[in-house]
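Below are the chains, spelled out letter by letter.
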Amino acid sequence: MTESLLDVRDLCVQFKGSDGTVRAVDGLSLSVEAGEVVGLVGESGCGKSAAVRAIAGLHGDDAQVEGTVTFDGTNLREAPAERLRQLRATQISTVFQDPAATLTPTRTVGSHLREVLRLADRPAERSLRSVTGFDLGLGRVVGDNVDSDRRDRAAALLDNVGLDGSDFLDRYPHELSGGEAQRVSLALALASDPDLLLADEPTTALDATTQMDVLDLLDDLVSERDLTTLLVSHDLELVGERCDRVVVAYAGRTMEAGPAERVLSTPRHPYTAALLACRLDGADPGETLPTVDGSVPDPTTETAGCPFASRCSHATDDCRSKAPPTMDLGDDGRVSCGERDAIAAPEPASASTGGDATTGIAGGAALDDDTACASRSRTISVDGGELSFAHTGASQSADAGQSPSTDRSLPADGEPLLELEDVSKRYPIDDSWLARLRGTDRYTDAVDDVSLSVGGGETLGIVGESGAGKSTVIDLITGLDTPTSGRIQLAGKPIGALGDRSREQVVSIGRLFQHPRSSLDPRQRVRTAIEEPLVEAGWESTRCEDRIRELLTLVGLDNRHADRRPDQLSGGQCQRVALARALALEPALVVLDEPTAALDVSVRAQVCNLLVGLQTHLDCAFVLVSHDLGVVGHLADQIAVMRDGHVVEAGSAAVVCTDPETAYTRRLLTAASGVPDPNPAPPANYQSLDYE
Amino acid sequence: MSASRLRSAHRAFRQECLTHPTILALCRNPSAVAGGVVVTALAVLAIVGPFVTPYDPTTQHLENQLQAPSLAHPLGTDQLGRDVATRVVYGARLTLGIALLVTVVRLTIGVVVGLVAGYVGGWVDEALMRVVDVLLAFPGIVLALVVAGILGPSLTNLVLALAVVGWTRYARVVRSSVLEVRERPFVAASRLTGASRWRVVRRHVLPNVAGPVVVLATLDLGGVILAAAGLSFLGLGAQPPAPEWGTMLATGRHHLREASWLVNAPGLAIVFAVLGSNLLGDGLRDALDPTDRTGDARTEVARRD
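In this text the structure is predicted, and so the values were computed from the model without any measurement. (Residues numbered from 1 in each chain as written. Chains lettered and ligands numbered in written order. Predicted model: local features only at pLDDT ≥ 70, side-chain atom pairs only at ≥ 80, totals over all residues. Heavy atoms only, no water.)

1. Let's talk about the overall build of chain A
- Scanning chain A for helices and strands turns up 27 helices and 22 strands.
- In chain A, which comprises 692 residues, the share counted as buried stands at 54%.
- For chain A, contacts bridging at least 24 residues in sequence account for 70% of all contacts bridging at least 6. (Helix = DSSP H or I, 4+ residues; strand = E, 2+ residues; numbered from the N terminus. Buried < 20%, exposed > 50% of the residue type's maximum accessible area, 1.4 Å probe, protein only. Contact = heavy atoms within 4.5 Å.)

Below you can see the structure in the form of structure tokens.
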């Protein structure tokens, strides 16, 4: 076996907190060989970021780190701080999740780059700025041509990551889009010509298409320079396609490691299999997706057994009480699981498996009427199958015309439930009286001449990148904003601003917000939050109680969640509570704003299932907005693709997803599938790439 | 039966209180604990003290003039033979009572104005905020002096004068908090479920701006104690023989050379009251600011992941 460039053994990171010790990383081991790209994958809360910080020595003073981290023969854990700093300046680079937050807002891109270059040139010299807190301008006095040389090199670096060097050098971080900012931080990371790149969720905060661009770029740069990379992500698929080897982490421990192809095709650990099965691309539209029940264990509790045992359908008593043995699979890597059967007979996780075929996966939110609470958990129930069947039938009928057998298709003669006619929304950039007088007033058209319609019980998906005007359309529909021109009609009657709507009109449109946690009052308990619309509608308390219980069951929670506050719930649970509140008064239309964007893959599948089930159950119409065509394609009957405030393509979901008209839609489709573009656009001209 | 229910209710209350993150954070903050102890001690003194002391605060005993501290009179007697300790204890009632009343009036006016300005917006906001600006353009204590001077010296007028000048800070703080909170998604979510304006304000906006207001009120209390004592010292507030700390200072200063205890006692009382409420306010501010709550490793991890 060759010498690893980076070798991490039994890494533990703990934080002492008021409510016990938080074991963020709990014995993680991995190794990265020179020239290799290794992916570190797991759900959020699995300690991935804490591990990366500990490896780079960036963990705070409050963290207790144990274990060894060896880089190029040096034990980083015992290296003095100065040596660590020099290593970070020259050999180890890190790219963080939120690109905008990693750039200092008061300094230009060029000055960021020049600092890195200076430190890389003379690693022993401490940055003057870091000592004095400000730049004395000595560089300009001492060596003018060194500085201009660095400026050229900085420009070249920007060119390298597909940005126009001469233009971007003098820009400030707030003048960059998310994708551009991440390109700049990549340029920063590469400026010192490092041997090892630690990329901590480099694309999670970006749009699906931008994510593709940046990952493609990263791919190119890595292969060009033969750069050793540790790529951290929560998206197994995305990472798997681009890595040589994959390490799957759960609750701070290594669950499975091995060659990417092997892990993706024949996962040996039930957790890996479960993660893979949650994918959308293999599933038929509307089909019930396999999910992983439960959530990541509380990091404060110490578990003797396998941390995944509580969510694993193969778990035995041994799994819960004893640490799982680690099996060496030779060239196929290693896996930590005590259940040999599960390992011996791995299911091919090609994810098109609908029902109980996929091992290690529990059924998610099947919507059994009364017994849902009790029976909902371990296996996919028959009802779940029926739900998916009914829905699939309906969505197939959407392009074949009207289907009399389902009530989900558009009524042939009836009015559409919601109709937008030539709706535009224009926001002023500068419309002061002075500007208007001089004729220099400027406006931006967030939404321009958009016409959409949604029938009762139907799902309309709106897709587009951020800035496409999707959120504005939602605000117009829900009445939080009023259109500059055009008409919005609900059941044939025009509706205006929220204050002008009748009570019936207000409560007949429910809305689910993008960030479920922030849409709940942090001081209110779940019960109070769901009760609010009911109380406002004048219900008496016993009726409210019954309805709350009913709603909680409907969204797959139970009564013990009613007394919790939002900070005691997981992201998925918050989303369910928000959904329960939106559905409280049985709206005819529910507007869903990026319902899955803030959620993990496994939770995303749960929420998708829930939505499909709810719609069949309640027969309400959905307007679903997302940047992820995968989610929209799975749930919607009709799809409208938006770009820069216009609808560039509209049609039935089946047609848009299989035979898109515009290049833009094709790009969104590629991005949603997570597979690298077969003909990636050269990075240098990505900005001018014409989609139409 | 009812006793056991009472006990379980008591246990639930303790459970709720002792595990509430704000209270826990408060107990860990040394300045909050110190301030809390001082303020509680003064409050107990003000409430219980008058029942314990054997003397009357206003009855004159001219035979006992200017006695040095002794066992019978732990803090000595004043120029009219009254027990200084008794007067300080009664003064706690008066001074702290005035300060509390002024703070409550300021808070009420300020919160109402701030809420209306922030939530209604438009010209109402403009009008209210211009009034605030005008009031803020005057130095507070000078304006209070003018108001108290015009209204004439009395306790009611003192409260009025201090309340009129001090509510503006509350209005500003509340308004800016409301502007922030009203844009939060949960307010929009509540409106979209058909909640009325009044309900949104009462159930969502008000509770979420309460934190900064409570902090401000506690920090303000010290200033009000000082201002009330100051105005009384100048003869615009409580009138002799009322045992008010500022008034006591004013009359005591004539005998500063021969009987320093006359000013030391009320002076120290003012120092402790102001110090205590400021410390408590600082502690509250740290405890109520969730982003600044140290030692909460779980949120730390969640933020990093």
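Moving on, there is more to tell.
2. Notes on the interface of chain B and chain A
- Facing the 27 residues of chain B at the interface are 43 residues of chain A.
- For the pairing of chain B and chain A, the buried interface totals around 2,900 Å² over both sides, and the portion due to carbon and sulfur atoms is 53%.
- Our enumeration of links across chain B and chain A arrives at 2 salt bridges.
- Here R199 of chain B ties to E532 of chain A by a salt bridge, and the two come within 3.7 Å at their closest N and O atoms.
- The tally of links from chain B across to chain A stands at 9 residue pairs in polar contact (both at pLDDT 80 or more).
- Looking at the side of chain B that touches chain A, the elements that each hand over two or more residues are helix 8 (185-192), helix 9 (197-233) and helix 12 (297-304) of chain B.
- Considering every element that reaches the side of chain B that touches chain A, the biggest residue donor is helix 8 of chain B, with 7 residues.
- Classifying every residue of the side of chain B that touches chain A by side-chain character gives 9 nonpolar, 7 polar and 11 charged. (Buried area = accessible area lost by both parts, 1.4 Å probe. Salt bridge = Lys/Arg side-chain N within 4 Å of Asp/Glu carboxyl O. Polar contact = N/O pair within 3.5 Å; in protein donor to acceptor, adjacent residues only side chain to side chain. Nonpolar A, V, L, I, M, F, W, Y, C, P; charged D, E, K, R; others polar.)

3. Remarks on the sheet that holds strand 21 (residues 638-643) of chain A
Residue and element names in this part refer to chain A.
- The mixed open sheet is built from 6 strands, whose spatial order is 18-19-20-15-21-22. Every interior strand has two partners, whereas the edge strands, strand 18 (509-512) and strand 22 (646-652), have only one. Between one strand axis and the next, the sheet turns by 15 degrees as a mean value, whatever way the strands run.
- As paired strands, strand 15 (residues 459-463) and strand 20 (residues 621-626) are joined by 5 bridges and run parallel to one another. Of the residues in strand 20, the one forming a bridge with V463 is S626.
- Each of strand 15, strand 18, strand 19 (589-593), strand 20 and strand 21 is contacted by helix 19 (residues 470-478), which is oriented at about 150 degrees to strand 19, the strand it contacts most. (Pairing = 2+ DSSP bridges. Axes fitted to C-alpha atoms, helices over the stretch in contact; angles between N-to-C directions.)

4. With respect to helix 9 (residues 178-191) of chain A
Residues and elements named next belong to chain A.
- Taking 1.5 Å of rise per residue, 14 residues should cover 20 Å, and helix 9 covers 20 Å from first to last C-alpha, within 8% of that figure.
- Within helix 9, 13 of the 14 residues are buried, which leaves the element mostly enclosed by the surrounding structure.
- Once helix 9 finishes, D193 follows within two positions and takes phi at roughly 50 degrees, a positive value. (Expected span 1.5 Å × (residues − 1).)

5. As for the nonpolar core
Residue and element names in this part refer to chain A.
- L113, L158, V161, V184, L186 and Y271 are the most contacted members of the largest nonpolar core, which totals 57 residues.
- Ranked by residue count, the leading element in this core is helix 9, at 8 residues.
- Looking at which domains feed residues into this core, each of domain 1 (6-254) and domain 2 (268-359) gives three or more.
- Residue contacts for L186: discarding those within four places in its chain leaves V95, V161, V214, L217, L218 and L221.
- Within the second largest apolar cluster, 50 residues are counted, among which are L579, L599, L635 and L668. (Core = buried A, V, L, I, M, F, W, Y, C linked by side-chain atoms within 4.5 Å. Domains from an automatic or database assignment.)

6. Some words on helix 6 (residues 140-151) of chain B
Residues and elements named next belong to chain B.
- Between the first and last C-alpha of helix 6 there are 16 Å, a value that for 12 residues agrees with the 16 Å anticipated at 1.5 Å per step.
- L143, A144, V147 and A148 are the residues of helix 6 that are buried. All buried residues of helix 6 lie within an arc of 130 degrees about the axis, which places them on one face of the element.
- Residues of helix 6 that are buried make contact with helix 5 (122-137), helix 7 (155-181) and helix 9.
- Where helix 6 terminates, the next one or two residues include G152, which has phi positive at roughly 95 degrees. (Arc of directions from axis to C-beta.)

7. Observations regarding the environment of Q568 of chain A
Residue and element names in this part refer to chain A.
- As for its position among the elements, Q568 is in the loop between helix 22 (541-554) and helix 23 (571-583).
- Note on Q568: relative accessible area 44%, which makes it partly exposed.
- Linking Q568 and D546, residues 22 residues apart in sequence, is a C-alpha distance of 23 Å.

8. Considering the confidence of the model for chain B
Residues and elements named next belong to chain B.
- Here chain B averages 84 in pLDDT, while 90% of its residues score no lower than 70.
- Confidence drops under pLDDT 50 across residues 291-305; counting only partners more than four residues distant or on other chains, this segment forms 32 contacts.
- Across the interfaces of the predicted complex, the ipTM metric reaches 0.70, alongside a pTM of 0.71. (pLDDT = per-residue confidence, 0-100.)

9. Points about the sheet that holds strand 6 (residues 92-95) of chain A
Residue and element names in this part refer to chain A.
- Overall, mixed pairing links the 8 strands, which are arranged 6-7-8-3-9-10-12-11 in an open sheet. Either end of the sheet is taken by a strand with one partner, and the two such strands are strand 6 and strand 11 (326-328). Across this sheet, the average inter-strand angle for adjacent strands is 20 degrees, counted without regard to direction.
- As judged from the 4 bridges shared by strand 3 (residues 37-41) and strand 9 (residues 245-250), these two strands associate in the parallel manner. Counted as the bridge partner of V41 is V248 from strand 9.
- Where helix 1 (residues 48-56) meets the sheet, it contacts strand 3, strand 6, strand 7 (196-200) and strand 8 (228-233), and its direction lies at approximately 150 degrees from that of strand 7.

10. Let's talk about unusual backbone geometry
- A cis geometry characterises the amide bond from P240 of chain B onward to P241 of chain B, with omega recorded as 10 degrees.
- As for its placement among the helices and strands, P241 of chain B is situated in the loop between helix 9 and helix 10 (245-252).
- Residues other than glycine seldom take positive phi values, yet E594 of chain A does so here, at roughly 45 degrees.
- Judged by relative accessible area, which is 7%, E594 of chain A ranks as buried.

11. A few points about the packing of helix 6 of chain B against helix 7 of chain B
Residues and elements named next belong to chain B.
- At a minimum axis distance of 8 Å, the contact between helix 6 and helix 7 shows a crossing angle of 145 degrees. For the pair helix 6 and helix 7, the crossing hand works out as right-handed. Residues G140, L143, A144, V147, A148 and L151 of helix 6 form the contact with helix 7, whose participating residues are N157, L160, A161, L162 and V165.
- Its residues assigned to classes, the contact of helix 6 with helix 7 shows 9 nonpolar, 2 polar and no charged. (Left-handed = near helix turned anticlockwise from the far one by under 90°.)

12. Brief notes about the pairing of strand 8 of chain A
All names here are of chain A.
- The buried count for strand 8 comes to 6 of 6 residues, which makes it a mostly enclosed element.
- Residues T228, L230 and V232 line one face of strand 8 and the alternating positions T229, L231 and S233 line the opposite face, and both faces are buried.
- Pairing of strand 3 with strand 8, which is carried by 5 bridges, proceeds in the parallel orientation. Looking across to strand 8, one finds that G39 is bridged to L231.
- Sheet topology places strand 7 next to strand 8; 5 bridges connect them, and they run parallel. Its bridge partner being in strand 8, L198 is matched across the sheet by L230.
- Crossover strand 7 to strand 8 through helix 10 (residues 208-225) is right-handed. (Right-handed = clockwise from strand over helix to strand, strands pointing away.)

13. Examining the side chain of K425 of chain A
Residue and element names in this part refer to chain A.
- With respect to the element layout, K425 can be found in strand 13 (residues 418-430).
- For K425, a relative accessible area of 10% puts it in the buried group.
- A polar side-chain atom of K425 sits 3.3 Å from a polar atom in the side chain of D481.
- Every residue in contact with K425, bar those within four places of it in the chain, is listed here: T444, D445, A446, V447, T472, L476, D481, T482, P483 and T484.

14. A word on the environment of R253 of chain B
Residues and elements named next belong to chain B.
- Summarising the element assignment, R253 is placed in the loop between helix 10 and helix 11 (261-288).
- The class for R253 is partly exposed, based on a relative accessible area of 43%.
- Sequence separation between R253 and G267 is 14 residues, and the spatial gap between their C-alpha atoms is 11 Å.
- Excluding its chain neighbours within four sequence positions, the residues that come into contact with R253 are F233 and V263.

15. A closer look at the pairing of strand 18 of chain A
Residue and element names in this part refer to chain A.
- Because side chains alternate across strand 18, one face comprises the buried residues I509 and R511, and the other comprises G510 and L512, equally buried.
- Pairing analysis gives 4 bridges linking strand 18 to strand 19, with the strands arranged parallel. Each bridged residue has a counterpart across the sheet, and for R511 the counterpart in strand 19 is V591.

16. Section: the confidence of the model for chain A
Residues and elements named next belong to chain A.
- Here chain A shows a mean pLDDT of 76. Residues at 70 or above account for 79%.
- When mean pLDDT is compared element by element in chain A, strand 15 scores highest at 91, while helix 17 (residues 382-400) scores lowest at 33.
- Low pLDDT (under 50) marks residues 344-413, which in the prediction has 115 contacts with non-local residues, meaning those over four places away or in another chain.
- Predicted confidence for residues 677-692 stays below pLDDT 50, and this span has 25 contacts to residues more than four positions away or in other chains.

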